[in-house]
Amino acid sequence: MAPIFHGDYMVTFPAPVALCPPSEDAVPPAKVTSLSKPIRPLRAIQRLPSDILYYIFRLGVDNENADGNFPVVISQVCAYWRWVALQCPLLWTKIHICSTRAIALMGPVGGEVLPWASVFATRSASCPLDIKLNLRRLDAASIETREILLMHVHLVISTAVDFLAGVHDRIRSLDVVTDFKEVTFLMSYKLVPRGMPLLESWRIRFGSNSMTGLNSRSHSFFHLHPDFDAAGQRGRPKHDIEQQTIGDLLPRLRNLQMSQVVANWAAWRIGGLTSLTIGHVHQSQRPTIRQLRAILTANSCSLESLELQGCLPELQVLRVPPIRLPKLSALRIGYFVQDEALCFLPHIDVPALKSLGLCDISLALHRDHRRAILGTSIPSRTIYPELDSSKLLHALYATRLPLLAQLESLELIQVHIYQTPDDVSQDWLCNQLRSHRVCAARFLLSMSSLKSLTLIGPDIGFLDALNAPLLTSDPETGKWVYSFPGCQLATLRIIDAEYDDLVDFLLNRADHTHSPGAAGMELPAFDTLEFTLEAGMIPLFRAECCESNHARRKIDIYQFAKQTACSIYREDFNPFTSSLQRLGNVL
């Protein structure tokens with residue numbers, strides 16, 4: 001690692017980078033023409049020093065969201081750029097393989113199945129590889145064309161798995177998106193037995209739906225045979241299995257994400273993970289509570305992030321001590337009914353937990369289907385009493401107060417409160433708040449360390465509770481003062497809210513700000529307030545909230561926080577993903 005200075009900054013380049021011209025005796029890589037350093041052109045953009053040019057190229061590769069062709073494009077601009085690109089192996093370490101290659105194979109020219117994959121592997125020298133596979137079914141006009149296209153897609157799949165097996169000792173990350181069951185099946189037989197000593201991250205997503213592939217409570221595809229071999233026994237002789245476990249084959253694996261993938265849960269042998277995601281497994285093929293406990297036990301000492309979406313066992317009561325996960329700091333749980341989460345949470349002890357996410361998948365699906373049928377701009381006050389999370393929130397408040405008190409970040413996805421549990425006792429909140437606000441206010445008040453709150457598809461009770469002044473006694477002075485639930489928050493994000501609910505929240509907050517008295521003066525200002533609108537609702541929002549109308553004043557949304565942003569979200573917004581794709585501030 002040698003520092004290279006240029007101007008007033010310093011960049012450290014990894015060892016594989018060699019910016020000197022190739023020697024006369026050097027053997028060029030396959031399919032790469034041996035190039036001597038070209039004469040420096042006169043154009044300013046082409047007179048950049050090679051280290052600066054390399055740094056720019058690396059930025060382009062690292063920020064690329066396309067199909068991985070950026071190194072190819074820059075290598076075809078001019079001879080000098082091509083020379084720099086070919087001398088930098090790290091530019092060629094990101095390999096994308098897509099089933100659309102099958103369309104080109106159907107043409108009259110034909111050619112190699114995956115020509116660029118082998119070229120990238122050669123030009124990257126011995127550097128670790130980050131490989132993405134997008135192997136999905138393709139649409140065709142006629143039945144005959146569809147059958148021929150499907151044959152070529154299967155050819156691409158088989159060749160891709162063989163390619164992975166050929167570079168198995170260099171794979172650092174593997175991201176697989178497919179709706180072909182054979183992909184993970186072939187990997188279990190052809191790839192895993194060879195071992196992947198550098199693999200750190202493995203992500204497998206199954207299904208054709210761009211969002212989650214979910215349609216109902218028994219949402220995922222039903223697989224008669226497990227796709228993913230979590231024991232590492234397939235394709236290996238018995239004596240080899242006894243000598244090497246799957247942990248020996250994947251010694252550096254730390255991040256494993258599986259969505260709609262069925263594993264042989266009872267034979268799970270993967271340990272040492274720092275991040276584990278199991279998502280959206282068919283109702284009849286979810287792991288039992290004993291199997292899930294065994295998986296967590298195998299990773300108890302290392303697990304830092306855990307996400308379980310639509311895979312929790314159903315109402316399996318097992319009276320055993322909880323599993324201690326001392327390093328777990330982030331937990332996200334998705335459930336179809338709140339009893340699934342209620343039965344699972346007592347099985348884990350998480351003393352270091354700082355971030356919690358809860359998602360009501362059934363309600364999220366209802367909203368997604370309504371949006372697809374009725375359109376995004378039609379408001380809905382539809383209530384689904386059976387899709388209620390009040391019992392879950394009350395159980396957390398009643399039995400896990402120390403856990404709530406240590407949380408710094410909370411994300412609630414379509415978590416709604418329609419009922420009041422029978423065992424809820426009347427307290428001082430019931431005398432000051434309407435019934436639909438009490439559960440939300442009690443929940444917010446229990447999290448004294450909470451700094452960030454994200455509400456996706458929020459319940460009106462949470463929005464109203466944030467604006468509800470409470471008369472409480474100050475423990476230090478003994479005087480009666482006004483406070484607000486969530487006054488400890490630094491960041492508030494309101495995502496995908498019903499338009500009327502969002503406007504009411506802002507109007508009510510403005511009224512408290514403008515009203516005289518202690519309640520208005522004590523209204524807390526956030527460090528960051530972010531909310532979203534559908535593109536078609538922006539003109540209406542500006543007319544109702546940003547301009548004076550009727551008896552209300554103009555709402556200055558920037559007085560609610562030090563930084564305020566209103567964003568438009570993409571049409572393919574996915575409430576099940578942790579990263580939200582913003583299009584920017586529109587106000």
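Everything quoted here is computed from the prediction, not taken from an experiment.

Analysis parameters
Residues numbered from 1 in each chain as written. Predicted model: local features only at pLDDT ≥ 70, side-chain atom pairs only at ≥ 80, totals over all residues. Heavy atoms only, no water. Helix = DSSP H or I, 4+ residues; strand = E, 2+ residues; numbered from the N terminus. Buried < 20%, exposed > 50% of the residue type's maximum accessible area, 1.4 Å probe, protein only. Contact = heavy atoms within 4.5 Å. Pairing = 2+ DSSP bridges. Salt bridge = Lys/Arg side-chain N within 4 Å of Asp/Glu carboxyl O. Polar contact = N/O pair within 3.5 Å; in protein donor to acceptor, adjacent residues only side chain to side chain. Phe/Tyr/Trp six-rings, centres within 6.5 Å; stacked < 30°, edge-to-face > 60°. Lys NZ or Arg CZ within 6 Å of the ring centre and 35° of its normal. Arc of directions from axis to C-beta.

K.L.:
Before we move on, could you go through the overall build of the chain and cite the residues and values that matter?
P.N.:
Helices and strands together make up the secondary structure of the chain, namely 20 helices and 21 strands. Counting only residues that meet the buried cut, the chain has 49% of its 587 residues in that class. Taking the contacts inside the chain whose residues are at least 6 apart along the sequence as the reference set, 77% of them involve residues at least 24 apart.

K.L.:
Kindly report on the pairing of strand β7 (residues 255-259), identifying the contributing residues and their values.
P.N.:
The side chains of a regular strand alternate between the sheet's two faces. With 4 of 5 residues buried, β7 lies mostly within the body of the structure. By the bridge criterion, 5 bridges tie strand β6 (residues 201-206) to β7 in an arrangement that is parallel. Its bridge partner being in β7, R205 is matched across the sheet by S259. Pairing geometry for β7 and strand β8 (residues 275-279), over 5 bridges, is parallel.

K.L.:
Go over the pattern of salt bridges, please, and point to the residues and values.
P.N.:
Note on pairing: side chains with opposite charge can pair once their charged atoms come close. By the definition in use, this model includes 13 salt bridges. Salt-bridge contacts for K391 lead to D339; the nearest nitrogen and oxygen are separated by 3.1 Å. One end of the pair, K391, is in helix α13 (residues 390-399); the other, D339, is in helix α11 (residues 338-344), and 52 residues separate them in sequence. When the shortest N-O distance is used, the salt bridge between R493 and E530 registers 3.5 Å. Taken together, the residues span a long stretch of sequence, with R493 in strand β18 (residues 491-495) and E530 in strand β19 (residues 526-533) at a distance of 37 residues. Overall, R493 belongs to the partly exposed group, its relative accessible area being 24%. Among the charged side chains, a network of salt bridges with common partners joins K94, D130 and R172.

K.L.:
Any details on the side chain of T184? Residues and values, ideally.
P.N.:
Note that T184 resides in helix α7 (residues 181-191). Within the structure, T184 has its side chain in polar contact with the backbone oxygen of K181 (distance 3.4 Å). Non-local contacts of T184, meaning those with residues more than four positions away in its chain, are made with I204 and D227.

K.L.:
Could you give me a rundown of the packing of aromatic side chains, with the residues and numbers involved?
P.N.:
Applying the stated criterion across every chain yields a total of 8 aromatic pairs. Aromatic side chains W92 and F120 sit 5.0 Å apart centroid to centroid with 80° between the ring planes, which places their arrangement in the edge-to-face category. Taken as a pair, W92 in the loop between α3 (79-86) and β3 (94-98) and F120 in helix α5 (residues 115-123) lie far apart in primary sequence, 28 residues in all. Residue W92 is classed as buried on the basis of its relative accessible area, which comes to 0%. An aromatic cluster of three or more residues is present, and its members are W92, W116 and F120. The ring of W92 carries the charged tip of R123 above its face, separated from the ring centre by 4.6 Å.

K.L.:
Which residues make up helix α10 (residues 289-298), and what values go with them?
P.N.:
Those residues of α10 that fall on the buried side of the exposure criterion are I289, L292, R293, I295 and L296. Each buried residue of α10 sits inside an arc of 160° when the element is viewed along its axis, so together they form one side. On the buried face of α10, the contacting elements are β8, β9 (305-309), β10 (323-324), α11 and β12 (348-349).

K.L.:
Summarise the side chain of T454; cite the residues concerned and give the values.
P.N.:
With respect to the secondary-structure elements, T454 resides in strand β15 (residues 452-456). Residue classification places T454 among the buried residues on the basis of a relative accessible area of 9%. Apart from residues no more than four positions distant in its own chain, T454 is found in contact with L410, E411, L412, R493 and I495.

K.L.:
A description of the environment of Q338 should follow, citing residues and the corresponding values.
P.N.:
Mapped onto the elements of the fold, Q338 is located in helix α11. The class for Q338 is buried, based on a relative accessible area of 11%. A sequence separation of 20 residues divides Q338 from L358, and the C-alpha atoms of the two residues are 9.9 Å apart. Not counting residues up to four positions away in its chain, the partners in contact with Q338 are D388, S389, S390, K391 and L392. Within the local environment of Q338, its side chain forms a polar contact with the backbone oxygen of D388, the two atoms lying 3.0 Å apart.

K.L.:
Would you mind going over the environment of L463 in detail, with residue names and values included?
P.N.:
Within the secondary structure, L463 sits in helix α17 (residues 460-466). Its relative accessible area of 1% is what places L463 among the buried residues. Setting aside residues no more than four positions away along its own chain, L463 makes contact with L455, P458, I494, D501 and F505.

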